[in-house]
Amino acid sequence: MKDASAEFSSLDQESLKLLLERAERVRSRKKDEALEDGGWVLEFSQGMQSLALPLEQVLSCIPLKGVIPVPLSKRGVVGIMRWQGKVLRVLSLASLLGSRGWRRDPSVLLILKTSREELAIDCEEIPRAGQLAMSSFQIAREKQGEGIVELALPGGKLLRYLNLEALLKGLEA
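Residues numbered from 1 in each chain as written. Predicted model: local features only at pLDDT ≥ 70, side-chain atom pairs only at ≥ 80, totals over all residues. Heavy atoms only, no water.

> Any chance you could explain the confidence of the model for the protein here in plain terms?
Keep in mind that low pLDDT regions are not for reading the predicted coordinates in detail. Chain-level pLDDT for the protein is 76 on average; 75% of the residues reach the 70-or-more range. No element of the protein has a lower mean pLDDT than helix H1 (residues 4–7), at 51, and none a higher one than strand E5 (residues 86–91), at 91. Within the model, pLDDT remains below 50 along residues 30–35, and this stretch shows one contact once partners closer than five positions in the same chain are excluded. (pLDDT = per-residue confidence, 0-100. Helix = DSSP H or I, 4+ residues; strand = E, 2+ residues; numbered from the N terminus. Contact = heavy atoms within 4.5 Å.)

See below:
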């Protein structure tokens, strides 16, 4: 290996020492500590819970307005709305999860795509895109029959990964 000090002769000794220490830390990092290339999710909260949906199912996030109530509709249906020339049913996420309610009133609609339809669910906040480690993402994918898969993330955080197809089957039952 070349002498690093010869390559970076224009740097002062303190800067060179700092760069060499950082490079050594990066080289010595264990492979499992590095961020794995996992699946992308949309994270948001419902009450005190952290929830996630696969990013590939999310079409849009819009303000909660323009929802028309439907009298005598099925449990969990908030109403219908028009989005890009289509009529979508709007569902209550709290009903999908079997929750009693929200920490604060929903202000956002998530437009989602399932294998059967496009629909909207209400949400308390604008979601954030994030990435799950491959190991966590694989666990969630293996349990596709379950509506909610609880994942323990590094740092003790608990994330509830939502399988929309399974949750919708539970709502229709």
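> Whenever I open this one, the pattern of salt bridges confuses me. Can you help?
Side chains that differ in charge, positive against negative, can pair when their charged atoms come close. Summed over the entire model, instances satisfying the criterion amount to three salt bridges. Across the salt bridge formed by Arg89 and Glu117, the nearest N and O atoms sit 2.6 Å from each other. You can see Arg89 sitting in strand E5 and its partner Glu117 sitting in the loop between strand E6 (108–113) and strand E7 (118–123), a full 28 residues away along the chain. Overall, Glu117 belongs to the partly exposed group, its relative accessible area being 24%. Arg128 is the partner of Glu125 in a salt bridge, and the nearest nitrogen-oxygen pair spans 3.2 Å. (Salt bridge = Lys/Arg side-chain N within 4 Å of Asp/Glu carboxyl O. Buried < 20%, exposed > 50% of the residue type's maximum accessible area, 1.4 Å probe, protein only.)

> Would you mind going over the sheet that holds strand E2 (residues 49–54) with me for this structure?
Read from one edge to the other, the open sheet built from five strands follows the order E8-E1-E2-E10-E9, with strand pairing classed as mixed. Looking along the sheet, the strands with just one partner apiece sit at the ends: strand E8 (128–131) and strand E9 (148–152). Averaged over all adjacent pairs, the angle separating strand axes in this sheet is 40°, with direction ignored. Where strand E1 (residues 40–46) meets E2, six bridges bridge the pair, whose relative direction is antiparallel. Note that in E2 the partner of Leu42 across the bridge is Leu53. (Pairing = 2+ DSSP bridges. Axes fitted to C-alpha atoms, helices over the stretch in contact; angles between N-to-C directions.)

> Whenever I open this one, the sheet that holds E6 confuses me. Can you help?
Reading across the sheet, the five strands line up as E3-E6-E7-E5-E4 and stay open at both edges, with mixed pairing between neighbours. On the outer flanks of this sheet lie strand E3 (58–63) and strand E4 (77–83), each paired with one strand and no other. Adjacent strand axes in the sheet meet at a mean angle of 30° when their direction is disregarded. As judged from the five bridges shared by E3 and E6, these two strands associate in the antiparallel manner. Bridge pairing links Pro63 to Val108 in E6.

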